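Structural overview
Spelled out, the chains give:
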Amino acid sequence: MNKVRTRFAPSPTGYLHIGGLRTALYGFLYSKKNHGDFILRIEDTDTARYVDGSVQIIYDTMRDSKIMYDEGPDVGGDFGPYVQSERKDIYLKYAKKLVELGGAYYCFCTPERIASLKDGEGNVRYDKHCLRLTKEEIEEKIKSGVPYVIRQNIPTEGAGSYHDLVYGDISVDYKDIEDGILIKSDGMPTYNFANVIDDHLMGITHVIRGTEYLSSTPKYNLMYDAFGWERPTYIHLPPIMKDAQHKLSKRNGDASYEDFVKKGYIKEAIVNYIALLGWSPKSNVEKMSLSELIENFSLDGISKSPSIFDETKMKWLSGEYIKEMSQEEFNALSLDFLKESKVYGKFDTEKLLTLVKGRVQILSEIPEKLDFLCDFGVFDTALFINQKQKTDIELAKSVLPKIKETLSDLSAFDNSTLFNSLVDLSNQLGIKKQALLWIARIALTGKEVTCGGATEIAELLGKDETMKRIDFSLSLL
RNA sequence: GGCCCCAUGGUCAAGCGGUUAAGACACCACCCUUUCACGGUGGUAUCAUGGGUUCGAAUCCCGUUGGGGUCACCA
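1. Considerations on the sheet that holds strand β4 (residues 149-152)
Taken in spatial order, the three strands of this open sheet run β3-β4-β7, and their pairing is antiparallel. Since the sheet does not close on itself, it has two edges, and those belong to β3 (104-107) and β7 (181-183), each with one partner. Adjacent strand axes in the sheet meet at a mean angle of 40° when their direction is disregarded. Strand direction decides the pairing type here: β4 and β7, joined by two bridges, are antiparallel.

2. A look at the pairing of strand β5 (residues 159-164)
Here β5 shows one buried face, formed by G160, Y162 and D164, and one open face, formed by A159, S161 and H163. Across six bridges, β5 lies against strand β6 (residues 168-173) in antiparallel orientation. Bridged to G160 within β6 is V172. The antiparallel hairpin formed by β5 and β6 contains three residues in its connecting segment.

3. Points about empty space enclosed by the protein
Considering all chains together, one arrives at one cavity of 30 Å³ or more under this definition. One number sums up the size of the largest cavity: a volume of about 50 Å³. Here the lining of the largest cavity takes five residues from helix α18 (residues 454-476), the largest share from any one element.

4. Here's the deal with the pattern of salt bridges
The final tally for this structure, using the stated rule, is 30 salt bridges. Here D179 ties to K128 by a salt bridge, and the two come within 2.9 Å at their closest N and O atoms. Pair noted here: D179 is in the loop between β6 and β7 and K128 is in the loop between α4 (111-115) and α5 (135-143), with a separation of 51 residues, a long-range link. On the basis of relative accessible area, D179 is assigned to the buried category, the value being 3%. With its nearest N and O atoms 2.8 Å apart, the salt bridge here joins E311 to K263. Note that E311 is positioned in helix α11 (residues 311-324) and K263 in the loop between α8 (257-262) and α9 (267-276), a separation of 48 residues in sequence. Classification of E311 as partly exposed rests on a relative accessible area of 26%.

5. Here we look at unusual backbone geometry
The peptide bond linking G80 to P81 adopts the cis configuration, its omega dihedral lying at -5°. If you trace the backbone, P81 turns up in the loop between α2 (54-64) and α3 (88-100). In this model, K66 sits at a positive phi of 70°, which is unusual for a non-glycine residue. Locating K66 in the fold gives a position in the loop between α2 and α3. Of note, K390 is a non-glycine position whose phi angle comes to about 60°, a positive value. Mapping K390 onto the fold places it in the loop between α14 (366-370) and α15 (393-408).

6. Quick word on the protein's contact with RNA strand B
Near RNA strand B there are 64 residues, and of these R359, F419, G452, G453 and T455 occur at the shortest range. In RNA strand B, atoms within 4 Å of the protein come from the sugar-phosphate backbone in 68% of cases. Here a phosphate oxygen of RNA strand B sits 3.5 Å away from a polar atom, N or O, in the main chain of V124. Within the backbone of G452, a nitrogen or oxygen atom sits 2.5 Å from a base oxygen of RNA strand B.

7. Things to note about the packing of helix α1 (residues 18-33) against α9
The N-to-C vectors of α1 and α9 enclose an angle of 80°; their axes lie 10 Å apart at closest approach. Between α1 and α9, the angle is such that the two are roughly perpendicular. Note on element contacts: α9 touches α1 through V271, I274 and A275, opposite I18, L21, R22, L25 and Y26. Counted by class, the contact of α1 with α9 contains seven nonpolar, no polar and one charged residues.

8. Some remarks on helix α17 (residues 433-445)
Given a rise of 1.5 Å per residue, 13 residues ought to cover 18 Å, and the 18 Å separating the end C-alpha atoms of α17 matches this to within 8%. Across the 13 residues of α17, 11 count as buried, placing the element largely inside the fold. Those residues of α17 that are buried lie in contact with α15, α16 (415-429) and α18.

9. Section: the packing of aromatic side chains
Going through the model one piece at a time under the given rule, you end up with 18 aromatic pairs. Relative to Y234, the ring of Y162 has its centre 5.3 Å away and its plane inclined at 70°; by these criteria the two rings are edge-to-face. Placement of the pair is Y162 in strand β5 and Y234 in strand β9 (residues 233-237), with a sequence separation of 72 residues. Judged by relative accessible area, which is 6%, Y162 ranks as buried. Y234 gets classed as buried once you look at its relative accessible area, which sits at 2%. Aromatic rings pair up to connect Y94, Y224, F227 and W229 into one cluster. We note R5 situated over the ring of F79; from NZ or CZ to the ring centre the distance is 4.1 Å.

10. Looking at the packing of α9 against α11
Where α9 meets α11, the axes come as close as 9 Å, and the angle between the chain directions of the two elements is 135°. What the angle tells us is that α9 and α11 run oblique. Viewed along their axes, α9 and α11 form a crossing whose handedness is right-handed. Residues E268, A269, I270, N272, Y273 and L276 of α9 lie in contact with α11, whose contacting residues are K313, M314, L317, S318 and Y321.

11. Digging into a positive patch on the surface
A surface patch of positive charge is lined by K388, K390, K432 and K433. Residue class for K390 comes out exposed when judged on its relative accessible area of 69%.

12. Things to note about the domain arrangement of chain A
When its domains are assigned, chain A resolves into domain 1 (88-192) and domain 2 (376-476). Taken over C-alpha atoms, the centre of domain 1 sits 80 Å from the centre of domain 2.

13. Considering the nonpolar core
With 144 residues, the main nonpolar core has M62, F193, F309, I366 and I403 as its most contacted residues. Each of two domains, domain 1 (88-192) and domain 2 (376-476), supplies a minimum of three residues to this core. If we skip the residues at most four places from it in the chain, M62 touches F8, L16, A24, F38, L40, I67, M68 and Y69.

Criteria and thresholds
Residues numbered from 1 in each chain as written. Chains lettered and ligands numbered in written order. Predicted model: local features only at pLDDT ≥ 70, side-chain atom pairs only at ≥ 80, totals over all residues. Heavy atoms only, no water. Pairing = 2+ DSSP bridges. Helix = DSSP H or I, 4+ residues; strand = E, 2+ residues; numbered from the N terminus. Axes fitted to C-alpha atoms, helices over the stretch in contact; angles between N-to-C directions. Buried < 20%, exposed > 50% of the residue type's maximum accessible area, 1.4 Å probe, protein only. 1 Å grid on protein atoms, 1.4 Å probe; cavity = no way out; pocket = protein on both sides within 12 Å on 5 of 7 lines; lining within 4 Å. Points joined across faces, edges and corners; volume = space filled by probe spheres on them. Salt bridge = Lys/Arg side-chain N within 4 Å of Asp/Glu carboxyl O. Near = heavy atom within 4 Å. Polar contact = N/O pair within 3.5 Å; in protein donor to acceptor, adjacent residues only side chain to side chain. Parallel < 35°, antiparallel > 145°, perpendicular 65-115°, else oblique. Contact = heavy atoms within 4.5 Å. Nonpolar A, V, L, I, M, F, W, Y, C, P; charged D, E, K, R; others polar. Expected span 1.5 Å × (residues − 1). Phe/Tyr/Trp six-rings, centres within 6.5 Å; stacked < 30°, edge-to-face > 60°. Lys NZ or Arg CZ within 6 Å of the ring centre and 35° of its normal. Left-handed = near helix turned anticlockwise from the far one by under 90°. Patch = residues over 30% accessible without salt bridge, like charges linked within 9 Å, V, L, I, M, F, W, Y side chains within 5 Å. Areas by Shrake-Rupley, 256 points an atom, 1.4 Å probe, with all protein chains shown as cover. Lys, Arg positive; Asp, Glu negative; His and termini not counted. Charge placed at Lys NZ, Arg CZ, Asp CG, Glu CD. Domains from an automatic or database assignment. Core = buried A, V, L, I, M, F, W, Y, C linked by side-chain atoms within 4.5 Å.

Below you can see the structure in the form of structure tokens.
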């Protein structure tokens, strides 16, 4: 059995979108699961669509998400070059060979003639016009500089069948396939040709790609057969949708990996979530590290139908990763987000982050969770009324001075000291600690809902500010 | 439109001829709790449709409907 070799072959036309990243991930997982190699190949044969800088984005995104390749343009390997534009001569050589083998032919038709072939629906179907040309005629035209392309010669009868590991047996009649262009007039190959040549030359055993190639695969097989090459195993992947009828796409401005990272999603959670889109593990455990994904990955868990991207669930997973990470790790990741909050610099950074960890799912939620600390001012004293804790304004009025007195006597001002002293106070007063703490928290924040309890907030505010706020709240009553 | 493919709750999905049709997210309720969050328990909700085949169909076959893909000198 040959060593498994899979590849991810994006074209550098912009950002790496979520669907592309998932294709890469599955290729990576499958190869690693089978102790094989994962290769990155850049498919830049369309010079017109090339976007500057996007190759770097591909490298960066894959490294950042830990979907690392064993061979590729920037890491080398024995099967390079790994950039198609650098392989132009190779394709031309094989195209000529395919012409000799009868699998392709030169075509000199003008765009005008092609356009005249349009049917009622506006679809063009090439009529094999140039297939009739004699060897002499072809040489003559080439010599005199007539522009040409090389087309694949698809049989007029029969059907191409193959077995896809996800979709099963696929069969397409050759009469439904056009004689597509293999080599463009600029000498560059099209995807339809380059992918076959490269996959063979690079020893790719398993071709993992989107379903958009499901029905064009028979024509690739025709080439493998003509060259006498072994066909790879095919694994086509269902698309990731934005909603029931639209694919998630960069074109629509849908979020990319980078965008999600910027929004403060934990990277591992993004990878974990996209692994789950279109694939389900045997067990019911969904939160998995990359190595666990490798261990659990199997092709029979891949579904055939499109799946809709659910950001809410990814958010949940991100929150799970936050809960499990250490406070130190969280702090390191969160600092840049905390800086966006108006509380930054006004309170102890570590205390702020301790308060917020476990209460956010994505890091960009940090500012909104903490801003309340700075928003203290006149508030509705009705907040002191709480049915369940049996608190009201009168109680607040009588208890608040005692809270102030208790706290002002404290030498330490940490959460547990604060908490213990207030609980003691509530016992002395003969009221429930919940009631007392409710009043304290409202007095300190003027907010019905806060992230953190009364004593946590008091610690954060510090003694002076705590006293000030109690005085202020008292003045409102 | 031709061809290829797909169809289980709102979403991700398990299921491979006999199940009370898993599980997760979301939602709701209750419990816990120093409000919120966390955590715990429970709940609402799914086999697109019509025909077959079979003792028996979410599972197999056909049609219908719906959806996706593809029909470029794009990948």
